[in-house]
Amino acid sequence: MRTRVYVDGFNLYYQLKKSRTKWLNPVELARLVLKKHHKIDRLRYFTTRVSGIPDQSAPARQQVYQNALGTLPEVEIHFGSFCPKQFGDQL
């Protein structure tokens, strides 16, 4: 069965930062989770650029990871924008 996978890459990035796992191949993770008859033909990775505050090296590390994801033929990276908490507090 042809299968498409959608990943919230922004939240995944921050969860990986908290864990001992620093590299994750989302295609392989999806293959482990899905049943054998699923064939992943596309994985859409939705993210936004991390800020360099307070860690100035974070954007460079994120870029290295995204470059690695870009080598996976199934992966398409989609960039959006992030709304800081202050905006949500004004609603």
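Residues numbered from 1 in each chain as written. Predicted model: local features only at pLDDT ≥ 70, side-chain atom pairs only at ≥ 80, totals over all residues. Heavy atoms only, no water.

1. Some details on the side chain of T47
The line we're drawing: Put simply, DSSP H or I for four residues or longer makes a helix, DSSP E for two residues or longer makes a strand, and each gets a number counted from the N terminus. In what follows, residue pairs with any heavy atoms lying within 4.5 Å of each other are defined as contacts.
The topology assignment puts T47 in strand β2 (residues 39-47). If we skip the residues at most four places from it in the chain, T47 touches G9, F10, Q62, Q66, I77, H78, F79 and G80.

2. So, the pairing of β2
Keep this limit in mind: Note: two strands are recorded as paired if DSSP finds a minimum of 2 bridges between them. Look down the strands so they point away from you; if going from the first strand over the helix to the second traces a clockwise path, that crossover is right-handed.
Where strand β1 (residues 2-8) lies against β2, seven bridges are found, and the strand directions are parallel. Across the sheet, the residue bridging to Y6 is R44, located in β2. By the bridge criterion, five bridges tie β2 to strand β3 (residues 75-79) in an arrangement that is parallel. Note that in β3 the partner of F46 across the bridge is H78. Crossover handedness for the path β2 to helix α3 (residues 58-69) to β3: right-handed.

3. Focus: the environment of E76
Cut-off, in case you're wondering: Relative accessibility decides the category of a residue: with a 1.4 Å probe and only protein chains considered, values under 20% of the type maximum give buried, values over 50% give exposed, and everything between is partly exposed. Counted as a polar contact is a pair of N or O atoms within 3.5 Å, where, for protein atoms, one must be capable of donating a hydrogen and the other of accepting one, and residues adjacent in sequence contribute only when both atoms are in side chains.
With respect to the element layout, E76 can be found in strand β3. According to the relative accessible area criterion, E76 is partly exposed, its value standing at 27%. Note: C-alpha distance between E76 and R44 (32 residues apart in sequence) is 4.9 Å. Every residue in contact with E76, bar those within four places of it in the chain, is listed here: R42, L43, R44 and Y45. A distance of 3.4 Å separates the side chain of E76 from the side chain of H78, its partner in a polar contact.

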